[in-house]
Every structure is written in C-alpha cells, then in structure tokens.
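# Survey of secondary and tertiary structure
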Amino acid sequence: MLDAIELLKSRRSVPANALAEPAPSAEELDTMLTIAARVPDHGKLAPWRFIVIEGPARAELGGRLAELMKASDPEAPAGKVEAVANFCGSALIVAVVSRAGPHVKIPEWEQELSAGAVCMNLSIAVNALGYGAQWLTGWAAYDPKAREVIGLQQNERIAGFIHIGTPTERWTDRPRPELSEVVTRWGA
Ligand SMILES: Cc1cc2nc3c(=O)[nH]c(=O)nc-3n(C[C@H](O)[C@H](O)[C@H](O)COP(=O)(O)O)c2cc1C
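Residues numbered from 1 in each chain as written. Predicted model: local features only at pLDDT ≥ 70, side-chain atom pairs only at ≥ 80, totals over all residues. Heavy atoms only, no water.

One pass over the full model with this rule turns up 1 aromatic pair. For the pair Trp48 and Phe50, a centre-to-centre distance of 6.3 Å together with 50° between the ring planes defines the contact as tilted. The buried category is assigned to Trp48, whose relative accessible area is 8%. Classification of Phe50 as partly exposed rests on a relative accessible area of 23%. (Phe/Tyr/Trp six-rings, centres within 6.5 Å; stacked < 30°, edge-to-face > 60°. Buried < 20%, exposed > 50% of the residue type's maximum accessible area, 1.4 Å probe, protein only.)

Within the structure, the ligand sits among Arg11, Arg12, Ser13, Gln134, Trp135, Leu136, Thr137, Gly138, Arg174 and Arg176. A distance of 2.6 Å separates an oxygen atom of the ligand from a polar side-chain atom of Ser13. Within the side chain of Arg174, an N or O atom sits 2.7 Å from an oxygen atom of the ligand. Tallied by class, the residues present in the shell around the ligand amount to 2 nonpolar, 4 polar and 4 charged. (Near = heavy atom within 4 Å. Polar contact = N/O pair within 3.5 Å; in protein donor to acceptor, adjacent residues only side chain to side chain. Nonpolar A, V, L, I, M, F, W, Y, C, P; charged D, E, K, R; others polar.)

Here the focus is the pairing of strand 3 (residues 92–98). For strand 3, a buried count of 7 out of 7 residues is recorded, marking the element as mostly surrounded by other parts of the structure. The side-chain alternation of strand 3 yields two buried faces, one formed by Leu92, Val94, Val96 and Ser98 and the other by Ile93, Ala95 and Val97. As judged from the 7 bridges shared by strand 3 and strand 5 (residues 157–167), these two strands associate in the antiparallel manner. Across the sheet, the residue bridging to Val97 is Ile158, located in strand 5. (Helix = DSSP H or I, 4+ residues; strand = E, 2+ residues; numbered from the N terminus. Pairing = 2+ DSSP bridges.)

What follows deals with the UniProt feature "domain: Nitroreductase" (unreviewed entry) in the protein chain. The feature "domain: Nitroreductase" (unreviewed entry), as annotated in UniProt, sits at residues 8–165 in this numbering. Between the end C-alpha atoms of residues 8–165 there is a gap of 18 Å, over a span that is 45% helix and 19% strand. (UniProt positions renumbered as here; feature names shortened; annotations may be inferred.)

This part is about helix 2 (residues 26–36). Along helix 2, the residues classified as buried are Leu29, Met32, Leu33 and Ala36. All buried residues of helix 2 project into a common sector of 95° when viewed along the axis, lining one side. Away from its buried face, by an angle of more than 90 degrees, helix 2 presents the exposed residues Glu27, Asp30 and Thr34. Buried residues belonging to helix 2 abut strand 2 (48–54), strand 3 and helix 5 (108–128). (Arc of directions from axis to C-beta. Contact = heavy atoms within 4.5 Å.)

Here it is as structure tokens:
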C-alpha cells in the first residue's frame, strides 16, 4: 500500500473504458464504501446514499439507458448511443446519490458538499486499494427518464458515477493548477 502522501500526490483518474476486470472483491468494496461514508457531514444527516452497479446489472442498465436515449432522440448519433450503452463498460460502478434537501439548520449547499466529499473519499479509497477510478456524470445523471431507470427519487440527484476497475495501462498526468493561480493570502 502506498504511503498516504505519495498516494494523494500521485492519484489521477483513469478513463472509465480503461477500468477493466478484475473488479474489487466484495470485501474490498465494503472497505471502499465504509471509507466513502466517513466524511464530514454537518448535522449528521447522511444526505447521500450508494447504488452499486455490478456484474450483469451493468450491461442491463447500459442497454436500458441506450434504448431510452434512442426512444427520446431517434436522431441521436450512434456514437452517443454506444457511449451510453458502454456506460457500464468498467468493472464496477458506484452511483453516489445526493439526498440533499431543505432543513431547518443545515443549508442544502452544505449537504451537497458532503456528497462531493463522499465521491472523493471513495475515489481515494479505490486508489489506495490498488484500483483506478473516474468520477463521471453525463446524460444519464440528468435525463428525467434515465434517473427513473437508475432508481432515483424526485428529491435525489446523482453526485457522481464512480467508475472503478483495474487500469489497463499507466496514464500520464494532466496539468495541475499552479498554487500561485489559486492561492491568495488574506490581508497581503
Ligand atoms: C462532478 C463531476 C462530474 C464529472 N463528469 C465528467 C463527465 O461526465 N465526463 C468527463 O469526461 N469527465 C467528468 N468529470 C471529470 C473527471 O472525473 C476527472 O476530473 C478527469 O478525468 C481528471 O481527473 P483527475 O484530476 O482525478 O485526474 C467530472 C468531474 C466531476 C467533479
């Protein structure tokens, strides 16, 4: 296992279509989800939940989403439909669902931030266990009928589909922001 600082300094996403089998074991997935759920959460509301899409359920969901896209837009380019069908092309997907809503004390924005933290913690845990991950949203996260097929309630939103698997190759990093561009010192 990588040292935590080395892991955090080197982690990067791997494209979902390069996240092949083997998928994490059931025990590893439990560890990942336990870590993902261990995030700051103002008010202890757990304003998020997980939907695991694994095994044959991936192809079934991909197929249903592709049918949906074709039905709603018969002119949809084949590439776009294929991309939706391949939505479940990675070894395992965890949909992180935000359940943020009005609350007497805790702003919705803070509940949404907690769901973002879940996505990130999950991605880090995946990498720490030697797998790769990519955080995606896309058409299926926003289309009303696709949301229904995925099993979302009216008040729920996809924070991210975290695609997980074994990277098929090493990926070079992308440019990262210069600290000088994103850091200021108050009063300086
Ligand atoms: C909320 C959210 C949604 C995203 N959705 C997509 C997406 O639909 N398609 C895509 O190519 N990248 C998407 N990304 C970007 C990738 O997850 C990721 O930033 C990119 O692959 C580089 O990742 P890295 O900085 O972890 O290496 C999304 C990122 C976030 C935070």
